[in-house]
Amino acid sequence: MSSATPLLRVEHAGVRYVLRGGGFFAPPRTLDALTDVSIAIPEGGRLGVVGESGSGKSTLARVVLGLVRANSGRVLWEGHVVDYDDAGTMRALRRGMQVVFQDPFGSLDPRMTAGQAVGEALQALAGPVPSVAAQDRIRAALSEVGLGAAFANRYPHELSGGQCQRVAIARATVARPRLLVCDEAVSALDVSVQAQIVNLLHELSERHQMSLLFISHNLAVVRHLCEDVAVLCQGRVVEQGSRDAIFGSPQVQYTRDLLAAVPEPDPALQRARIAAARVQT
Amino acid sequence: MTADALLQVRDLEVDFSTSQGTVNAVAGVAFDVRAGECVAVVGESGSGKTQVLMACLGLLAANGSAQGSVTFAGRELIGAGEQALNTVRGTGIGLLSQDPLSALTPHLRIETLLTEGLLDRGLASRTEARERALRALRDVEIPDPESRLRQYPHELSGGMRQRVALAVALMCSPRLLFADEPTTALDVSVQARVLELLARVRDRGLGVLIVTHDLGVVAGLADRVVVMYAGRIVETATTADLLAMPRHPYTAALLAAVPRLHGAAQARLVGIPGDPPQPAERPPGCAFAARCDFADEHCAQRRPELQQDPYRVAAVACHRPLRAGTEHA
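Let us look at the structure shown here. Note that the coordinates shown come from a computational prediction; the quantities given were computed from them, not determined experimentally.

**A few points about the interface of chain B and chain A**
Alright, step 1. With 37 residues of chain B in contact, the opposing surface of chain A contributes 38 residues.
Alright, step 2. Considering every element that reaches the side of chain B that touches chain A, the biggest residue donor is helix 8 (residues 188-203) of chain B, with 7 residues.
Alright, step 3. Each residue belonging to the side of chain B that touches chain A can be placed in one class, and the counts come to 20 nonpolar, 9 polar and 8 charged.

Right, dumping it as C-alpha cells:
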C-alpha cells in the first residue's frame, strides 16, 4: 500500500454484446453489459464489487482477466496499459492475477487429484520446477488453505464443497499472484463453510499482501472482507467508496435496496423488512 | 396441540444401503407442521435435512429406505404405495426445489408446466386450467402472464423461474408446501421477493416446511425452527427464542457464522472448524463433540437425548447446553 500507483486500475471500461435475433436486414440488437466503469485496487487492497444478477459484475471480472475484451476504456496493471493481445504480456499477467469461480466442482478437473490440480497450475505459472521442490510447494499450498497432506491424493468427488473451494484457492495462489479475482467464490457454500473461506481469503490477502477483487451479491460478506466497495447496477457504477461510507450512509436508493434485501438472523428486523416489502408491492 | 397437525413426523429413520454396508442418514426425527405455520429445518450440507423431505414424499433414492411414521392429514405416508402417494404429491403437498432450471422440464412451455398437474388428474378443463395458470402467475407477481405462458423455462431469469416453480407447486391447491433451499441459488434481492411470497403462502393458511442452511432466511419467515446435525435433531424452538438464545453450541455456532450488516465489521467471521462427520464415521457420543468448544470426554462417549425445556416450547440434545447470560468457561 506504500506505492501511489494502484496495482490494478480499470478506466472507463465499456462492453457491448451483439445479440442474435431480429431479421436478416434488421440492425443487430446490442446489450451494454458495462458502461464507463472505473475502479482501482491498491497493492494489498480488497475491493468488493456488488450488484444483482445481470448487473455486469462478472463481465467486469472477465475484462480484468482478459476473458472478455472491452469495446472501450483500458486496464492498467502497475500503471502500464495492458495489451491483452500480446502473448508475453498475458503470460506475465496470468502469473500476476488468478481467479476463483463460484462452482467448486465445476472448476476442478474430475480426473485430477487435488495435488495434481495444484501441481498443474504451478508448472504452468512458475515454469519447470524440480519435482522435489514442486512437491514441497504443492504441500505448502494445500496446507496453507487448511488441507493436510492426505488431501493431495483425493479426487474432487471425494471432497466436500468447501474442501473443493480450498483446492481451487490453493491452485490459484500456489504461484503467489498479486491479485486474486473471486467471482462469487463463496456464494454456493453453506454459511458455516462460507465463513471459513472468507476468513481464509482474508488471511491469505494479509499474509502475502495479495489484492482481492471480490465479486458478490452478498453485501454482508463484502462488509466483512473488503475495505472498498463498488456498487454496480445495469453495467454502471452507481456508488463507490469505503466500507464505512457504503454501509454507513449509502447515497443511492439502489444500494439501500440491496442492503435491505440481505437476510439477517434477527426476527424483528426481518419481519419489519418483509412488511416494508409488502407495502411497496 | 398435535391434534390439528397437518404433517406429523415421528421417529423417522432413513437408511441407505451402499457397497460399504448400511449408512444411516436420518435418525429419530420428530416434528409437526400445522396449517398456517412455517417450520424451518436448518443444518449444513449432509445433515440429512433434504432426506427428511424426500422420505415424507416417498422420493428417496432407490437404495434408500425409511422407517417410523409420517402422517399427512391423518394418512400414513411411510410404506404407502405409489398410488396412495400420488394422491398426496402435488395435490396435498407441493414441492419447491432448490434449482428451478432442473425442476422445470426444459422442452415444455410454461403453460404446459402449470396446467399438466390439473389436466392429468382431471381436476380442470383446458380453459379452466389456463385461467388458473394465469391467476397463479399473477399471484407470484409475474408481469405480463399471457405472453409468459408461451415461453420456455430458459427464456426466464433465475428469479422468475423460481417464482414460476412456486406457481407450479401451488397449482393443485396443496395444503402443505415443502421448500428445499428455495433461495440458495438466487441473489439477495430476488431471494427477498421469494421469501415474501412464501410468507404470503403461509398467511393464506398453508403449512410451509422450509429446508435451509441459512438462519438469516429463517428469521422473518419461520415460526419454529428444527436444527439438524449429522442426521439428528439437536435443537428445536420458536424462531424468536432460538435466535435470541440458542441453547445448543451448534446452533450458536451456525448463528455466529452468518455475516452481518449491523454491529462491528470484525475482520474475522466465526466459522465452525472442521467438517461434519461422514455418516459411517459418526462417534458413539454427540456427533458435534469434535467441533464443539464446550465438549468434554463425556460428550464424545454418550449421546445426549433431546430434552424438553420445562419453561419453553423447546428441546435441546446437549450435555452442556448454553445458558442465557452465562458464559461457558
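Having seen the structure, we can now continue with the description.
**Considerations on the sheet that holds strand 1 (residues 5-18) of chain B**
Residues and elements named next belong to chain B.
Alright, step 1. Spatial strand order, 2-1-4-5: 4 strands in an open sheet with antiparallel pairing. Since the sheet does not close on itself, it has two edges, and those belong to strand 2 (21-34) and strand 5 (75-76), each with one partner.
Alright, step 2. Packing of helix 1 (residues 49-56) onto the sheet brings it into contact with strand 1, strand 2 and strand 4 (64-72), and relative to strand 2 it is tilted by some 75°.

**Structural notes on the packing of helix 4 (residues 110-120) of chain B against helix 5 (residues 126-139) of chain B**
Residue and element names in this part refer to chain B.
Alright, step 1. The interhelical angle for the contact between helix 4 and helix 5, taken along N-to-C directions, is 125°, at an axis separation of 9 Å. Taken together, the axes of helix 4 and helix 5 lie oblique to each other. Regarding helix 4 and helix 5, the two cross each other, and that crossing is right-handed. Two secondary-structure elements touch here, helix 4 through Glu111, Leu114, Thr115, Leu118 and Leu119 and helix 5 through Arg126, Ala129, Arg130, Arg132, Ala133 and Ala136.
Alright, step 2. Considered class by class, the residues forming the contact of helix 4 with helix 5 number 6 nonpolar, 1 polar and 4 charged.

**Some remarks on the sheet that holds strand 1 (residues 8-19) of chain A**
Residue and element names in this part refer to chain A.
Alright, step 1. The strand order 2-1-4-5 describes an open sheet built from 4 strands, whose pairing is antiparallel. Both edges of this open sheet fall to strand 2 (29-41) and strand 5 (80-81), since each of them pairs with a single strand only.
Alright, step 2. Where helix 1 (residues 57-65) meets the sheet, it contacts strand 1, strand 2 and strand 4 (72-77), and its direction lies at approximately 115° from that of strand 1.

**Regarding the environment of glutamate 78 of chain A**
Residues and elements named next belong to chain A.
Alright, step 1. If you trace the backbone, glutamate 78 turns up in the loop between strand 4 and strand 5.
Alright, step 2. C-alpha separation for the pair glutamate 78 and threonine 5, spaced 73 residues apart in sequence, amounts to 6.4 Å.
Alright, step 3. Not counting the four nearest positions on each side in its chain, glutamate 78 is found in contact with Thr5 and Leu7.

**Examining the pairing of strand 8 (residues 207-212) of chain B**
All names here are of chain B.
Alright, step 1. A large share of strand 8 lies buried, amounting to 6 of its 6 residues.
Alright, step 2. Residues Gly207, Leu209 and Val211 of strand 8 are buried on one face, and the alternating residues Val208, Ile210 and Thr212, pointing to the opposite face, are buried as well.
Alright, step 3. Relative to strand 8, strand 3 (residues 38-42) runs parallel, the two being bridged by 5 bridges. Residue pairing for strand 8: cysteine 38 is matched across the bridge by valine 208.
Alright, step 4. In this sheet, strand 8 lies alongside strand 7 (residues 176-180) in parallel orientation, the contact comprising 5 bridges. Bridge pairing in strand 8 places leucine 177 opposite valine 208.
Alright, step 5. Taken together, strand 7, helix 8 and strand 8 constitute a β-α-β crossover, and its handedness is right-handed.

The rules behind these values
Residues numbered from 1 in each chain as written. Chains lettered and ligands numbered in written order. Predicted model: local features only at pLDDT ≥ 70, side-chain atom pairs only at ≥ 80, totals over all residues. Contact = placed C-beta atoms within 7 Å. Helix = DSSP H or I, 4+ residues; strand = E, 2+ residues; numbered from the N terminus. Nonpolar A, V, L, I, M, F, W, Y, C, P; charged D, E, K, R; others polar. Pairing = 2+ DSSP bridges. Axes fitted to C-alpha atoms, helices over the stretch in contact; angles between N-to-C directions. Parallel < 35°, antiparallel > 145°, perpendicular 65-115°, else oblique. Left-handed = near helix turned anticlockwise from the far one by under 90°. Buried ≥ 20, exposed ≤ 12 C-beta atoms within 10 Å, placed from the backbone. Right-handed = clockwise from strand over helix to strand, strands pointing away.

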